[in-house]
Structures are given as C-alpha cells and as structure tokens.
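# Geometric and topological summary
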Amino acid sequence: MKIYILTFTFVLLVLLAAGCNDDSDNIDGDTSDGDRSDGDNPDGDEPDGDEPDGDEPDGDEPDGDDPDGDDPDGDMEREIEQENDSDDPDGDMEMEIEQENDGDTDFEEELEVDDAEGETDGDLSEAESDEMDSESAEAELEEEAPELKGYGDIVVGVPGHSWTGLAMAFHGSATGPSTTADWSSTGPDYSDYGYVVASAGDVNDDGYDDVIVGMNDNDGTAYVYHGSASGLSANEDWSDAAANGDWFGSSVASAGDINKDGYADVVIGAPGTDGSKGKAYAYYGSSTGLSDTADWALSNPSLYNGFGISVSGAGDVNNDGYDDVVIAGEYYTGFAYLYLGSASGLATTASWTASASSEASYLGTAIASAGDVNKDGYDDVIVGAKGYGTDQGIVYVYLGGSGGLSATASWTIMGEGNNDFFGCSVASAGDVNGDGYDDVIVGASLINSDKGKAYVYYGSASGLSNSPDWVVDGENAYDRFGHSVASAGDVNGDGYDDVIVGAKNYTFSTSSKGKAYLYLGSESGLSTTATWTIEGTSSSGNLGNSVAAAGNVNGDVVP
C-alpha cells in the first residue's frame, strides 16, 4: 500500500512539474506519446527527464529546464527522481504502475480504500464465509439424505374367533406380507375383540408404529400394542375402558399428531354413552406412550344418537401443521363433525358439520381421511351414507382448504342400485398408481345378493374420477366382500400403495370364517387379482370384519 501511495505522489508531482515546462527537444532521443517498449531500457535506468507516463504531448523534457521559473535549478525534479530511484532501483515500480494505472486515474484511490476495508474486515469476512459454507454444507446434506422407507404391515380383526376375538398382524417384505401371522392377540371371553383394528401411529416416537384394537362390547375396552424391532408387543402397553353400556372402543383410529408435539395420538368412540347419545375421547402420545386418562372428551353435541359410532383422523384439512379429527353418528339420519387440532389440543367446538339430506341415510356409517385427492396441500375427508335411497348408498368427499373443509361436497357418487349398501366402508387408498394424487376406496357389501363389491377412484388435479378406475367383486353370494376396506400402505416396497378388502362372511353357507384380500398397486393402478389372501380358521370368526394398514411396526427398511 505504501509503495502505491508513494508512486501515486511521484506521478502527480512529475505531472505538475512537467506542466510548467515548454516543449523542447529530447536530447536522449524521441519518444512518442505514451509509447514505451520494454526493450528501450533493459537495465531499468531512466534518463533524466524522460517520462514514462506518456502524458506530455511531445514527450520532450530537457533536464533542469524550467522556462517558467518555478524550479530554476531543477531541484524538485531531481529530488523526486532520486527518491523514486531509491525506492525502485530497477524501475519496475514505474512499469507496474504505468501498466495498471493506464486509462484509470482513480485506480490508486480505489485500491487504497479497498485495501483499508480489507485490513479491518478481512478476518470477520473469512469467519462469516466459513460459517456460511458450513451451513450450506449442512443444508445440502439434509436435502441429499435419503428418507428411509420401510415395508408396510397390515392388521386384521377376527371378532368371532373362539368367542374371544382375535387380532393379527402381518409384516410386509419385498415379496409382500407374510403368509402366517407375525403377531396375534386374543381378548376377553365374549368380547368381540378385534371388531375394529387400526394403526395408532407412533405414540411414543420410538421409530416403530403401534396398533390399536377395539371391541364391540357394552363395557368395551381399547388396547394399544407398541411396535419394536421384533414387531408388536405380546401384551398390551396401554388400555382404557369406560362405564358399562358405553360401548367404549367400538370405533378406534389414529388421530395423527393433534398438538404437533411429535407423538401420534388416538381417538376412540363410545356411542352408547348416556343412553346412546354417545361420546368421543382423544388420548395424546408422549415418550412413555398414551396418557392414562383422556386428554379430550366430548359428549354428543346434538340430539342425534350414536355420537362416536365412527371416528377417524382427518389429516390436516387446513394445512396449519396440526392434525384434525372427524367424528360421526349413524343412527337413522346421520351426521359428521370436524374438530381442529392446535398446540393446546383438539377444539371442543366443531368447525364443520354435515348431515344427511334424507332420513334413514345413516350418514357417518363410515368416515375417514381421503388423503389429498387433488394435491392442493390440504387433506380431504370422505363420508359414507349406506342407507341413502333404498339402501342404495351414497359417498361424499369434502375438500380441505385454508378455512377447513368445504361446506358442500365436491364429489358425490351413488351406488349402482337399491340394496347395495354402497359406502358402508370408505377409506383413503393411498397413492396406488404413483401419480402423486391420493385415491379412495369404497365398499358396497350387499350388492349382488350380498356378494359384495369394492371400488377405487383415482385422484387428479381436478379431484376424484367420476367413474371407478378399479372394481372387484366378491367370490360368493353372502360373502359381504367390501364390508371393510383400507389402504395397506406399501407392503412390498415398490413405491406404490396397496389396498386390503375384507369379506367377513366368506363361507357363509357353512361357517362364515371370513377372508381378507390384498391388491397391489402399480404404475397402471391396482391389480384385479389378489396377490395375498388370508382365511379365517374359526367358525363364525368373521375374519375381515375390520382391516387396516398397521404402519411399519418392526421398523424394517427397504434396501
């Protein structure tokens, strides 16, 4: 920096001195304006008065000549020359300055300012730069870190098994679910244990999904079994019950994460409470599992009966980061309510309601999250009314939005004919064809002499298709295929979600053992032939009365 300042001073003084002199002959030889060749002065010695800047029109300046009298003895010029010679004996400085300064008279000033800033801020800028590089690297690693994906497991209820009831879980794998149960549990005598089964999500956030099982008993109980590396626990990790006659646990479901604390929560219905007016309960998860007592409880907010006969997580219908819950009652007319989640838990006032347009519709017979059928970032809800018309049945989908669920259904489909019970079961099917839009599945258990049928409708940017994209019939009359339907998750890890359908009265003519069927997803949609089935072994066992995805209970990872 000091060299640049001295040189700049030298150049200015020489220019001032030169400006005071008249043009005259250069006794050392002519030099054209601004022209300087490195070969003219191989030793770097400058003859007196020879200017390297090229600023003088003629380039001629005789030694010590001062016609204006400002420096009659030529001392100023000699002093400057001597000073410059001592600082730069080889003349390299002037050559460097001439090359860098040529055509830019402000160069030295800018350089001085920039260098001064660099001396004071250099260390800080380097530290900040290192910090930014570190943060950028961490962000890049997070973005590039692959999300570990496991095989989806399934759970099946057999409420009539040996008078006690039975629940079974089957683990997924690259070839699909296991052919024998990886876990099973029985309930109390005459309890209809396994009447309903569902994933509970991961209630203790240990990385393994858990399962909830309910029963159809007037003094019912609900049970939760925690997942682990070896699968579901042999004995229940949590249970709760209500008063006799409440039918507590006749409907159960994962509620998602209602309060966004990182732990999954559950919702349970007790439709027989208070003379069958009904009640619903929510239990929040924690590091030790579900709370011992209900964190949220709500009695029937209307005059209708059966509040809590059907319960489900709704997903996040308003995209506020908190999962929501839908609760329905189906006695006679039917109704459904939505309760929004928040940091403090579920609201006690419904933000949305729906009711049947005609009597005996039994709206709310089945209710579930539909996933996000139009991929707008808001989860949607599907509601069945199996008694609509002359038991023809009808299904409604309500789209989510920033204000919650739409007031009117955006999609409505009726059964094929009378006595179909279309909509007796409804669920999200996940994304069976991998197009990024969630699909739905609907059961009609009484169609074709109770043979039963299941339908899948694919999602799209405009919502669900108006006609089914997949239809499968039951095998035999009275099988009631489609009595239960659900997404199975991705049981074989191929990237496509699969579905499971229950036929609770399979072999009705002899024993009603029941059967469940699995259909795999693919790029072209669901297979029309079941790739996996499981039959009941107990007479009147009604295997498939309830079927569900269990999540990933053993934490296995798709390679």
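Now for a quick tour of the structure.

What counts and how
Residues numbered from 1 in each chain as written. Predicted model: local features only at pLDDT ≥ 70, side-chain atom pairs only at ≥ 80, totals over all residues. Heavy atoms only, no water. Helix = DSSP H or I, 4+ residues; strand = E, 2+ residues; numbered from the N terminus. Buried < 20%, exposed > 50% of the residue type's maximum accessible area, 1.4 Å probe, protein only. Areas by Shrake-Rupley, 256 points an atom, 1.4 Å probe, with all protein chains shown as cover. Polar contact = N/O pair within 3.5 Å; in protein donor to acceptor, adjacent residues only side chain to side chain. Contact = heavy atoms within 4.5 Å. Pairing = 2+ DSSP bridges. Axes fitted to C-alpha atoms, helices over the stretch in contact; angles between N-to-C directions. Phe/Tyr/Trp six-rings, centres within 6.5 Å; stacked < 30°, edge-to-face > 60°. Lys NZ or Arg CZ within 6 Å of the ring centre and 35° of its normal.

## Considerations on the overall build of the chain
Along the chain, the regular secondary structure elements total seven helices and 28 strands. Counting only residues that meet the buried cut, the chain has 51% of its 559 residues in that class. For the chain, the exposed area adds up to about 24,800 Å²; of that, 45% sits on carbon and sulfur atoms.

## Some points on unusual backbone geometry
Comment: phi is negative for the bulk of residues other than glycine, and the bulk of peptide bonds are trans. With a phi close to 55°, R480 is a non-glycine residue in the positive phi region. Considering the arrangement of structural elements, one finds R480 in the loop between β23 (470-473) and β24 (481-489). A relative accessible area of 28% places R480 in the partly exposed class.

## Remarks on the side chain of D372
Residue position: D372 is located in the loop between β16 (363-371) and β17 (380-385). For D372, the side chain forms a polar contact with the main-chain nitrogen of K375, separated by 3.0 Å. Apart from the residues lying within four places of it in its own chain, the contact partners of D372 are G377, Y378, D379, D380, Y437 and D438.

## Notes on the sheet that holds β17
Note on sheets: strands pair through backbone hydrogen bonds, and any given pair is parallel or antiparallel. Reading across from one edge, β16-β17-β18-β19 is the order of the four strands in this open sheet, with antiparallel pairing throughout. At either margin of the open sheet sits one strand with a lone partner, and together these are β16 and β19 (411-414). With strand direction ignored, the average angle separating the axes of adjacent strands in the sheet is 15°.

## With respect to the packing of aromatic side chains
The description of an aromatic ring pair rests on the distance of the ring centres and on the angle between the ring planes. Per the counting criterion, the structure on display carries 18 aromatic pairs. Here the aromatic rings of F335 and Y337 are separated by 5.3 Å at their centres, their planes lie at 65°, and the arrangement is edge-to-face. Each member of the pair, F335 as well as Y337, is classed as buried. Ring geometry for W352 versus Y398: centroids 4.9 Å apart, planes at 70°, classification edge-to-face. Taken as a pair, W352 in strand β15 (residues 352-355) and Y398 in strand β18 (residues 394-398) lie far apart in primary sequence, 46 residues in all. Summarising the burial analysis for this pair, W352 and Y398 share the class buried. Joined through ring pairs, the aromatic side chains of W296, F307, F335, Y337 and Y339 make up one cluster. A cation over a ring is seen here: K260 above Y322, with NZ or CZ 5.6 Å from the ring centre.

Read these as spatial facts, not as claims about activity.
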